[in-house]
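Secondary and tertiary structure notes
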Amino acid sequence: MASARIIDLLRGTQGLGQIGDTCTVRGWVRTKREGKGIAFLELNDGSSLQGLQIVLPQTIDDYEALIKQINTGTSIEATGLLVESMGKGQKVEVQATAIAVFGNADPETYPLQKKRHSIEFLRTIAHLRPRTNMFGAVFRVRNACAYAVHQFFQERGFIWVHTPIMTASDCEGAGEMFGVTTFDLNEIAAAGKSVDFTEDFFGKPAFLTVSGQLEAEIMATAFSNVYTFGPTFRAENSNTSRHLAEFWMIEPEVAFCDLEGDADLAEDFLKYIVKYVLETCPEDMEFFQERVNDQVMINARKIVDQQFERITYTEAIAILEKCSKKFEFPVSWGLDLQSEHERFLAEEHFQKPVIVMDYPLGIKAFYMRVNDGTASDRQTVRAMDILAPGVGEIIGGSQREERLDVLEARIRSVGLNPEDYWWYLDLRRYGTVPHAGFGLGFERLVQFITGMGNIRDVIPFPRFPQSAEF
Ligand code: 4AD
Ligand code: MG
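Residues numbered from 1 in each chain as written. Chains lettered and ligands numbered in written order. Predicted model: local features only at pLDDT ≥ 70, side-chain atom pairs only at ≥ 80, totals over all residues. Heavy atoms only, no water.

Some words on the overall build of the protein chain
- The helix and strand inventory of the protein chain stands at 14 helices and 16 strands.
- Overall, the C-alpha framework of the protein chain stretches about 85 × 60 × 45 Å when taken along its three principal axes.
- Across the protein chain, every contact between residues at least 6 apart in sequence was considered, and the portion connecting residues at least 24 apart equals 68%.
- Summing over all exposed atoms, the protein chain offers an accessible surface of approximately 22400 Å²; the carbon and sulfur share of this is 51%. (Helix = DSSP H or I, 4+ residues; strand = E, 2+ residues; numbered from the N terminus. Contact = heavy atoms within 4.5 Å. Areas by Shrake-Rupley, 256 points an atom, 1.4 Å probe, with all protein chains shown as cover.)

Structural data, given as structure tokens:
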């Protein structure tokens, strides 16, 4: 029998939710309350934060047995009449005429009893935490963000391209890659042999990708406007609240575009997604505002309503040097900005998102375009990072080096071998064009929007050092 989604009954969508209708709903019981000759269940099917109240009258078949069997976590199907609810905060409820139980949840052992659980505890039961209010809200908002990403680019004629997950090249040149091999490492060690990668599956060392950018550039120099949206991997041993070993990234790449155009696109993109989430997930956003972080709505409005601040790296350093704040890490032209510096700029100094441009060449990847101009201009590259209040760097992007000779020299100067990048260099050899792109860390975005303190709580099954459970 067809069943209704709870959200449709509550909101009156899909032609459902009329008082007097007979309906069937399925889901997991969140709470059970027993009165005299009556019981109330709160049922949730994941479609909305709010559950549906199911009223069980004593007259229902097997009332006593049912009430015993049904507990928090039990999965059931309820059929009955949709009636106006007398209870607070709910318009409708179901007067059940029949209940079928799918699966029991023993109250002695089911870990999600009706009480506040710490977020750290919930992380250890990642297979059950999606059934909580908080994680339900997080993953619905995550879904809305993903939908908005595709909608934004598809509306603008961008082609979604699929870039490889296994690769032989290190896009960021930071050496933070996970190896991929079919070798039996124990066997090699036991035999005391040295590793010969020509014998390995791909005939050379291979890795999980850190970014789809280089392949996106290939596609952009054929389709003009493309984007990727896929998993990326970094073996950086950083146990922070902003780093994952496996995260999702969106990387648009645009031909005939410079850094300013790139920044415009990024700003429009972030505004679009946040606006979409505010419109489609009001209940979940209210939950975050009330229960997680009271800056959530203020930060969201800053993205949507305000023009992002744009400054150069050199200006950022000057601001940081002049301010009275004591930082843990040093501030000096040529050093990378640390999270504390980024957050100071976005949260305290400008109090809104900031786009920092033109970073020193020495701290950025080889593919970024070297600035034209004076000798000191040529010490910087056309890079931009977008810093958001609450998380710091949320987007990293750049105009790409389109000049063959400059690029080749840059690859050499960072200690990479131009031969390994022959196909990337070919893009500059044949029909080269100015082009630019950026990468948005999807979990950083969801973290920003939801106000969740730790990035491990905005992806269903986080991967970080010493943890690959589930
Ligand atoms: O700044 P990143 O390293 O830039 C790139 O990978 C470029 N290839 C992007 C491009 O121009 N196409 O990473 C981009 C974004 C960061 O701004 C951050 O939001 C996110 O990816 N990110 C991470 N998110 C979670 N965990 C990690 N370990 C991350 N490392 C980067
Ligand atoms: Mg970066």
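Some thoughts on the site of ligand 1
- Contacts to ligand 1 come from 24 residues, most closely from Glu172, Gln213, Glu236, Glu251 and Glu393.
- Here an oxygen atom of ligand 1 sits 3.3 Å away from a polar atom, N or O, in the main chain of Gly396.
- Protein chains shield 93% of the accessible area of ligand 1, which is 620 Å² for the free molecule.
- Of all elements in the fold, only β11 (246-255), β15 (392-399) and β16 (435-441) reach the threshold of two or more residues within the shell around ligand 1.
- The element best represented in the shell around ligand 1 is β15, accounting for five residues. (Near = heavy atom within 4 Å. Polar contact = N/O pair within 3.5 Å; in protein donor to acceptor, adjacent residues only side chain to side chain.)

Quick notes on the side chain of Lys352
- Within the fold, Lys352 resides in the loop between α11 (339-349) and β13 (354-360).
- If we skip the residues at most four places from it in the chain, Lys352 touches Lys302, Gln306, Gln307, Glu309, Ala346, Leu387 and Pro389.

Here's the deal with the sheet that holds strand β7 (residues 166-167)
- The three strands are arranged β7-β9-β8 in an open sheet whose pairing can be described as antiparallel. Of all strands in the sheet, those bounded by a partner on one side alone are β7 and β8 (179-180).
- For β8 and strand β9 (residues 206-208), the ladder comprises two bridges, and the chain directions are antiparallel. The residue bridging Val180 from the neighbouring strand is Ala206, located in β9. (Pairing = 2+ DSSP bridges.)

Considerations on the environment of Leu440
- The residue Leu440 is located in strand β16 in this model.
- Along the backbone, Leu440 and Trp248 are 192 residues apart, and their C-alpha atoms lie at a distance of 8.5 Å.
- The residues touching Leu440, leaving out its near neighbours within four places in the chain, are Trp248, Met249, Ile250, Phe269, Leu270, Ile273, Ile394, Ile395 and Leu445.

Re the pairing of strand β1 (residues 22-35)
- Where β1 meets strand β4 (residues 75-84), seven bridges bridge the pair, whose relative direction is antiparallel. Pairing of Arg26 across the sheet is with Glu77, part of β4.
- Between β1 and the antiparallel strand that follows it, strand β2 (residues 38-44), lie two residues; Gly37 among them carries a positive phi value of about 65°.

Some remarks on helix α13 (residues 422-429)
- Taken as a whole, α13 has its buried residues at Tyr424, Leu425, Leu427 and Arg428. Summarising the axial view, the buried residues of α13 lie within an arc of 140°, below the 170-degree limit, and thus occupy one face.
- Its buried side turned inward, α13 meets α6 (213-223), α12 (404-413) and β16.
- At the C-terminal side of α13, Gly431 shows a positive phi close to 65°. (Buried < 20%, exposed > 50% of the residue type's maximum accessible area, 1.4 Å probe, protein only. Arc of directions from axis to C-beta.)

Details of unusual backbone geometry
- With phi around 55°, Gln14 is a residue other than glycine that occupies positive phi space.
- Summarising the element assignment, Gln14 is placed in the loop between α1 (6-11) and β1.
- Among the residues examined, Gln14 registers a relative accessible area of 64% and is labelled exposed.
- Even without a glycine there, the phi angle at Asp62 is positive, about 60°.

Notes on the pattern of salt bridges
- What the rule picks out here adds up to 27 salt bridges.
- Of the charged contacts in the structure, one is a salt bridge between Asp305 and Arg301, with a shortest N-O distance of 3.1 Å. With a gap of four residues between them, Asp305 and Arg301 both fall in helix α9 (residues 296-305), about one helical turn apart.
- In this structure Asp305 comes out as exposed when scored by relative accessible area, which is 51%. (Salt bridge = Lys/Arg side-chain N within 4 Å of Asp/Glu carboxyl O.)

Quick word on the pairing of strand β14 (residues 380-388)
- With respect to burial, β14 is a largely interior element, nine of its nine residues being buried.
- Of the strand pairs in this sheet, β13 and β14 are connected by six bridges, and their pairing is antiparallel. Its bridge partner being in β14, Pro360 is matched across the sheet by Thr380.
- Pairing geometry for β14 and β15, over six bridges, is antiparallel. By the bridge assignment for β15, Asp385 is matched with Gly396.
- Taken together, β14 and the strand that follows it, β15, pair antiparallel across an intervening segment of three residues, in which Gly390 is found at a positive phi of about 95°.

Concerning the layout of surface pockets
- Estimated volume of the second largest pocket: approximately 740 Å³.
- Surrounding the second largest pocket, 26 residues form its lining, Lys115, Thr132, Asn133, Met134 and Arg291 being those nearest its centre.
- Secondary-structure elements contributing two or more residues to the lining of the second largest pocket are β1, α3 (119-124), α4 (133-155) and α8 (282-291).
- The greatest single-element share of the lining of the second largest pocket, amounting to four residues, is contributed by β1. (1 Å grid on protein atoms, 1.4 Å probe; cavity = no way out; pocket = protein on both sides within 12 Å on 5 of 7 lines; lining within 4 Å. Points joined across faces, edges and corners; volume = space filled by probe spheres on them.)

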